[in-house]
Every structure is written in C-alpha cells, then in structure tokens.
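# Geometric and topological summary
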Amino acid sequence: MRSSTSNTIFVTQTFCYHWTSPLQDTIEPLLKGYQVGLEIGDTVKACYCLVGRMYYLFFTGRTLDSIQKELEAAANVMTQLKQDENELKITILLSSVKKLRGLDPEACDKMLDSILASAAETRNNLSAYVSMMKLEILVFFQQWKEAIDLIQKAGNVRLFLSSTFVVVRYTFLEALAYLKAAQSSSGWKKRQMKKCAHNAMQLIRGWAKNGNVNVVHYLRILGAELAVLNGKNEKAKKSFNAAIAASSRNGFLQDRALAHELASAYFKAQGDDYWTDYHIECSRACYQEWGCSEKVEQLK
C-alpha cells in the first residue's frame, strides 16, 4: 500500500540493504522515501529517510561542499515540519562537515558538545550520533588518544545505532583507534588495546563473511595496521596497497585519503622517504577532492 511506502523504504534501506549491497545503492531509494512521505503526509518517516540519506551520503565519500548544501536545505525542512530530533541529527552532521571543511571549527565543536551535554543524561540516540561524528573527526585528524578517551566515555554506542550503517562505521573507527593506541603503548596497556581492537575486528570480519561489501576496505586498512603492530612489514605493505585499491574501487574517497595517510606514516617510520612522500601527496590530493580543507592544511 502507498500509505506505507515511506516506512518500508526507510526500514529496508536504512537497516537492511547495506548489509549485503553497496551503500551507494541506498541513496536514491532514501530520497524517494522522503519524497513519497511528503506526498502522502507521513512527515515523520519522510524525515527519517532524509536523515538516513544525509549520513549515508557522508559515509560514501560524497564531496563535503555538496553535502553541506543538502544538509542546510534539510535543516530548513526539519524546522518547517517541526521535526526537532531529526533536525538535531542533521545539525550534528552539518557541524561535523563544516569542521572538516575548516568553517568556524570552534563553533562546530561547541555545537556538538552542547548537543552531547543535553543528551548525555539518557545516553540516547542523539548522544550516539554525536559520539560517532566526534570520533570520525578525531580519526581523520589522527588524534588517537582523544579518540580512545571518547570511545571509553561513550559506552556501548552500538546499542543505540543497531542495524544501521552508522554502527558499522563506528566499529571500524573504534578498531582503528585501538590499533593505533596499541602501537604507541607497551606492556599491559598494549595487550588491552590490542584485545579491544581484535574484538571490534571480529565483528567486521563476521559482517564481511556474511556478504557485507562495504567493509572490505575497512578490513584491508585494519589488517595493515595490525601487521604494523605485529612487526610484519611485508604484510603491512601489501595490506596498505590492498586498502588503497579497495577504497578507490568502491568509491570511498575519504577512506582512500585515510589509507594513503596511514601508509605514509608507516613508511616514514621505516625511513623510506620516497614512499612517505608519495603516499602523503596522494592523501592530500584525495582530501582536497573530498573538500576537507582543514585536513589539507594540516598535511602541508
């Protein structure tokens, strides 16, 4: 029935299809779900579809300037329809995008902290979204200690993001942060960080085994960093190359930039100036294409 179309699209595209189909394939159906919802008067499900679409646009690596324009339009829609919680979810993503672009980053941080503080008492869905996007930013800016602090304070974020791609992305970032923390630790703390990374990686391996095509490059990136941690240099080199190729092949521009940057850090530690410079230049070019001006400045 047409009256349930928007809800059906929301459920299938947000919670189901991304487990076995390319995330990019959810973008257009979610737009249709939003449009149909408005047509039949189901504004709540329409806005759910719109929020899902905005986040999935971000995770698929669409350029940040184009996402910002859509987010600003979406925020106006939420205001007009009095969808307060959905508007906050849009604001969380919009603030994160603007920070990555270097547009008044201090104001963006204050906005995210304000939303997190107001939602912290109940640790609800909103606090999980803020934690997710703050972790995204910390990882891109290689702030590993702060990333671990956030993960440990956030609690079980997966509980509130269950079945959406947001939980998949969060698990990848969590595993990566733990691996980087293990690399700079020793003794008991190193073992603890490695164990936490292993637990997160096991989840991702399970999803890949069940047909999730969107995590292939995640496993390649994590495999490379695990090889670095274990001192397996040849495996690290091959895994970084595989991570870059998989990110490029599947269209995840921001993750290709990240993979190149991580590879550059590895080769720098090995004293290999040629590959250090090569990968950092590739990383900078990818971040530039993505529109992440703040990161481009950091890499100069």
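So, here is what we can say about the structure in this document. In this text the structure is predicted, and so the values were computed from the model without any measurement. (Residues numbered from 1 in each chain as written. Predicted model: local features only at pLDDT ≥ 70, side-chain atom pairs only at ≥ 80, totals over all residues. Heavy atoms only, no water.)

To continue, consider the environment of V296. On the secondary structure map, V296 appears in helix α15 (residues 293-299). For the pair V296 and R284, spaced twelve residues apart in sequence, the C-alpha to C-alpha distance is 5.7 Å. Dropping the residues within four chain positions of it, V296 is found in contact with R284, Y287 and Q288. (Helix = DSSP H or I, 4+ residues; strand = E, 2+ residues; numbered from the N terminus. Contact = heavy atoms within 4.5 Å.)

Now for unusual backbone geometry. The phi angle at K82 is positive, at roughly 60 degrees, despite the residue not being glycine. Locating K82 in the fold gives a position in the loop between α4 (64-80) and α5 (84-100). The phi torsion at Q142 lies on the positive side, around 60 degrees, for a residue other than glycine. Structurally, Q142 can be placed in the loop between α7 (125-140) and α8 (144-154).

This brings us to the packing of helix α3 (residues 43-59) against α4. Relative to each other, α3 and α4 sit at 165 degrees, their axes nearing to 10 Å. With respect to α4, the element α3 is oriented roughly antiparallel. Crossing geometry of α3 relative to α4 is assigned as left-handed. Two secondary-structure elements touch here, α3 through C47, L50, V51, R53, M54, L57 and F58 and α4 through L64, I67, E70, L71, A74 and M78. Taken together, the residues of the contact of α3 with α4 break down into eleven nonpolar, no polar and two charged. (Axes fitted to C-alpha atoms, helices over the stretch in contact; angles between N-to-C directions. Parallel < 35°, antiparallel > 145°, perpendicular 65-115°, else oblique. Left-handed = near helix turned anticlockwise from the far one by under 90°. Nonpolar A, V, L, I, M, F, W, Y, C, P; charged D, E, K, R; others polar.)

With twelve residues, helix α1 (residues 5-16) should reach 16 Å at 1.5 Å per residue; the first-to-last C-alpha distance of 16 Å fits that figure. Those residues of α1 that sit buried are S6, I9, F10, Q13 and T14. Across the axial projection of α1, the buried residues extend over an arc of 100 degrees, all falling on one side. Buried residues in α1 make contact with α2 (27-40), α3 and α9 (165-183). (Expected span 1.5 Å × (residues − 1). Buried < 20%, exposed > 50% of the residue type's maximum accessible area, 1.4 Å probe, protein only. Arc of directions from axis to C-beta.)

Such coordinate-based values are descriptive only and should not be taken to indicate function.
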